[in-house]
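Spelled out, the chains give:
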Amino acid sequence: NFMTDDYLNERATSPRMKLLYEINPQWSVNFATGRYSQLPQLPEIVDHTGNPNLDYIDSTHYVIGVEHQWRHGWSWHIDTYYKQLENVVIGISDPVAPDYGNNYSNDASGNAYGMELLLNKKMTDQFYGWLSLSLSKTRRRDERTGETRPFDFDRPAILNLVGNYQLDENWLLGFKWTIQSGLLY
């Protein structure tokens, strides 16, 4: 992937790779890695209220997973991941900082890691659905102060249950239920 924009006059290359090895028809393992870039939020880059000199937020991802196919459309998949973030945007709140008038800087970093388990039922006998459990930890580091803390929107545990039943060719009945641990704020 190649990303460019005229507003920040930034360009980024985002190489990605995935390797999948099928041990046999029931078992497979995978490894993926990639580099990603993201434009900061609009209020952070708009002239006068933001800083139009910000850089893209960059991250590098690593994923290792295992999948097992059962009979009758059932399978499970588990992935573990690690993500490293650079150039994370933070507000400049210290009025004595020499760049206080810029409002924002790319002086933060962070990481996220965790695992996700997915139990999946493909469409057979008019039914399909899945159950997923995600456990994760996300942290941000203010490079100016050295302070490291949990990310404001960290959700350490999320459980999803989804089910769908095909009543006939025109009607599908479905439900989704989610429970998650609370946000910090």
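Student: Looking at this structure, I do not really get the pairing of strand β6 (residues 74–91). What am I missing?
Tutor: Put simply, side chains in a regular strand alternate between the two faces of the sheet. Sheet analysis places strand β5 (residues 57–69) next to β6, joined by 12 bridges and oriented antiparallel. When the bridges of β6 are listed, D58 appears paired with E86. From the end of β5 to the start of β6, which pair antiparallel, there are 4 residues, and H72 there has a positive phi angle of about 60 degrees. Note that β6 and strand β7 (residues 104–124) share 15 bridges and pair antiparallel. Counted as the bridge partner of G91 is Y104 from β7.

Student: Even after reading the chapter, I still don't get unusual backbone geometry, so can you show me in this structure?
Tutor: In most cases, non-glycine residues show a negative phi, while peptide bonds are predominantly trans. The phi angle at H72 is positive, at roughly 60 degrees, despite the residue not being glycine. For H72, a relative accessible area of 59% gives the class exposed. In the Ramachandran plot, N103 falls in the positive-phi region, its phi being about 70 degrees despite a non-glycine side chain. Structurally, the position occupied by N103 is in the loop between β6 and β7.

Student: Hey, could you run me through the environment of N53 in this one?
Tutor: Residue position: N53 is located in the loop between α1 (42–45) and β5. What makes N53 exposed here is its relative accessible area of 65%.

Student: When you look at the pairing of strand β2 (residues 10–13) in this model, what are you seeing that I'm missing?
Tutor: Judged by which residues are buried, β2 turns out to be one-sided: E10 and A12 face inward and are buried, whereas R11 and T13, on the alternate face, are not. The pairing of strand β1 (residues 2–5) with β2 spans 4 bridges and is classified as antiparallel. Looking across to β2, one finds that T4 is bridged to R11. Linkage of β1 to β2, two consecutive antiparallel strands, is achieved through a turn of 4 residues, within which N9 is found at a positive phi near 55 degrees.

Student: Explanation requested: the packing of aromatic side chains in the structure shown.
Tutor: In this description, an aromatic ring pair is defined by two values, namely the gap between the centres and the angle between the planes. According to the stated counting rule, one finds 2 aromatic pairs in the structure shown. Measuring from centroid to centroid gives 5.6 Å for W27 and W76, while their planes differ by 85 degrees, and the two rings are edge-to-face. Residue W27 is located in strand β4 (residues 27–38), and its partner W76 is located in strand β6; the two are separated by 49 residues in the primary sequence. Residue classification places W27 among the partly exposed residues on the basis of a relative accessible area of 33%. Ring plane angle 70 degrees and centroid distance 5.7 Å describe the contact between F151 and F153, whose orientation is recorded as edge-to-face. For F151, a relative accessible area of 26% puts it in the partly exposed group.

Student: It is not clear to me how the nonpolar core should be interpreted in this structure. Could you clarify?
Tutor: Note that soluble globular proteins tend to have their nonpolar side chains buried in a common cluster. Grouped together as the largest cluster of nonpolar side chains are 9 residues: L8, I45, L54, I57, L85, V88, V89, I90 and A108. By residue number, the principal contributor to this core is β6, which donates 4 residues. For L85, the contacting residues outside a window of four places in its chain are I57, D58, S59, S109, G110, N111 and R140.

Student: Even after reading the chapter, I still don't get the pattern of salt bridges, so can you show me in this structure?
Tutor: If charged atoms from side chains of opposite charge come close, those side chains can pair. Per the counting criterion, the structure on display carries 6 salt bridges. Between D99 and R144 there is a salt bridge, and its shortest N-O distance comes to 2.4 Å. Of this pair, D99 sits in the loop between β6 and β7 while R144 is found in the loop between β8 (127–142) and β9 (148–150), placing the two residues 45 residues apart along the sequence. Taking relative accessible area as the criterion, R144 reaches 36% and is therefore assigned partly exposed. Through salt bridges with shared partners, a single ionic network connects R35, D58 and E86.

Student: It is not clear to me how the side chain of S109 should be interpreted in this structure. Could you clarify?
Tutor: Topologically, S109 is positioned in strand β7. A distance of 2.4 Å separates the side chain of S109 from the side chain of E143, its partner in a polar contact. In contact with S109, not counting residues within four places along its chain, are L85, V88, R139, R140, R141 and E143.

Student: What should I look at first to understand a nonpolar patch on the surface in this one?
Tutor: A cluster of nonpolar side chains, contributed by F127, Y165, L167, W171 and L173, occupies part of the molecular surface with about 530 Å² of accessible area. Mapped onto the secondary structure, F127 falls in strand β8.

The rules behind each value
Residues numbered from 1 in each chain as written. Predicted model: local features only at pLDDT ≥ 70, side-chain atom pairs only at ≥ 80, totals over all residues. Heavy atoms only, no water. Pairing = 2+ DSSP bridges. Helix = DSSP H or I, 4+ residues; strand = E, 2+ residues; numbered from the N terminus. Buried < 20%, exposed > 50% of the residue type's maximum accessible area, 1.4 Å probe, protein only. Phe/Tyr/Trp six-rings, centres within 6.5 Å; stacked < 30°, edge-to-face > 60°. Core = buried A, V, L, I, M, F, W, Y, C linked by side-chain atoms within 4.5 Å. Contact = heavy atoms within 4.5 Å. Salt bridge = Lys/Arg side-chain N within 4 Å of Asp/Glu carboxyl O. Polar contact = N/O pair within 3.5 Å; in protein donor to acceptor, adjacent residues only side chain to side chain. Patch = residues over 30% accessible without salt bridge, like charges linked within 9 Å, V, L, I, M, F, W, Y side chains within 5 Å. Areas by Shrake-Rupley, 256 points an atom, 1.4 Å probe, with all protein chains shown as cover.

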